[in-house]
Amino acid sequence: MTTNRTFTMIKPDAVAAGHTGAILKMIEEAGFRIVAMKKTLLTPERAGQFYAVHAERPFYKDLCAYMSSGAIIAAILEKDNAVADFRKLIGATDPAKAEEGTIRKLYAKSIEANAVHGSDSDENAAIEGSFYFSHTEQF
Ligand code: GDP
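Summarised in this report is the structure supplied together with it. As the structure is a computational prediction, the values presented were derived from the model and not from experiment.

## Remarks on the site of the ligand
Part 1: Around the ligand, a shell composed of Lys11, His54, Arg57, Phe59, Leu63, Arg87, Thr93, Arg104, Ile111, Glu112 and Asn114 is seen.
Part 2: Thr93 is positioned with one of its side-chain polar atoms (N or O) 2.6 Å from an oxygen atom of the ligand.
Part 3: If the ligand stood free it would expose 550 Å²; the protein chains cover 80% of that surface.

## A closer look at the side chain of Thr20
Part 1: Within the secondary structure, Thr20 sits in helix 2 (residues 20-29).
Part 2: When residues no more than four places from it in sequence are discounted, the contact partners of Thr20 are Ile10, Ala14, Val15 and Ile73.

## Some points on the sheet that holds strand 1 (residues 5-10)
Part 1: Ordered in space as 2-3-1-4, the four strands form an open sheet in which the pairing is antiparallel. The open sheet has two edge strands with one neighbour each: strand 2 (33-40) and strand 4 (116-118). Neighbouring strand axes in the sheet, compared pairwise and without regard to direction, differ in orientation by 15° on average.
Part 2: By the bridge criterion, six bridges tie strand 1 to strand 3 (residues 72-78) in an arrangement that is antiparallel. Its bridge partner lying in strand 3, Met9 is registered against Ala74.

## What to know about the packing of aromatic side chains
Part 1: Summed over the entire model, instances satisfying the criterion amount to eight aromatic pairs.
Part 2: With a centroid separation of 5.0 Å and an interplanar angle of 75°, the aromatic rings of Phe50 and Tyr51 are classed as edge-to-face. The exposure classification of Phe50 matches that of Tyr51, with both residues buried.
Part 3: Ring centres of Tyr132 and Phe133 lie 6.3 Å apart, and the angle between their planes is 45°; on these two criteria the pair is classed as tilted.
Part 4: Residue Phe133 is classed as buried on the basis of its relative accessible area of 6%.
Part 5: An aromatic cluster is defined as three or more aromatic residues linked by ring pairs; in this entry it consists of Phe7, Phe50, Tyr51, Phe131, Tyr132 and Phe133.
Part 6: The ring centre of Phe131 lies 4.1 Å from the NZ or CZ of Arg46, which sits over that ring.

Parameters at a glance
Residues numbered from 1 in each chain as written. Predicted model: local features only at pLDDT ≥ 70, side-chain atom pairs only at ≥ 80, totals over all residues. Heavy atoms only, no water. Near = heavy atom within 4 Å. Polar contact = N/O pair within 3.5 Å; in protein donor to acceptor, adjacent residues only side chain to side chain. Areas by Shrake-Rupley, 256 points an atom, 1.4 Å probe, with all protein chains shown as cover. Helix = DSSP H or I, 4+ residues; strand = E, 2+ residues; numbered from the N terminus. Contact = heavy atoms within 4.5 Å. Pairing = 2+ DSSP bridges. Axes fitted to C-alpha atoms, helices over the stretch in contact; angles between N-to-C directions. Phe/Tyr/Trp six-rings, centres within 6.5 Å; stacked < 30°, edge-to-face > 60°. Buried < 20%, exposed > 50% of the residue type's maximum accessible area, 1.4 Å probe, protein only. Lys NZ or Arg CZ within 6 Å of the ring centre and 35° of its normal.

Below you can see the structure in the form of structure tokens.
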């Protein structure tokens, strides 16, 4: 089932560098509607829960420390074909491999501090969105 929704976080490196506005502008100009949005701070424990699927990966501990190192912006976005179109807009995980004009190519610092998160499936978009937002917070 496709919900036409995806979930994103603007990660600590991009928020700290002052790229929030530029990234949100790119997201809206690409046709995504912001359904819900908040600025918040993850504890290492909550970052660990969010990335539990990566618990066995060698970079998991570093990733949890990085994701709790500063404020993030969490948002639910809506558009036709949202998950796939958003993955295209953000580009490859490693900014060195990301296409020109993508958010990660423009704003990411490294494979870890890669500026933005984008859900990889409709199912995960729903799970990740509900990690941060209740139905009453969504418009
Ligand atoms: P994504 O779907 O493009 O975000 O990539 P993944 O789901 O594979 O990885 C989740 C997040 O873990 C990435 O966005 C990066 O922040 C981080 N990450 C992925 N691969 C590596 C890696 O090889 N080293 C480090 N340090 N971090 C990584």
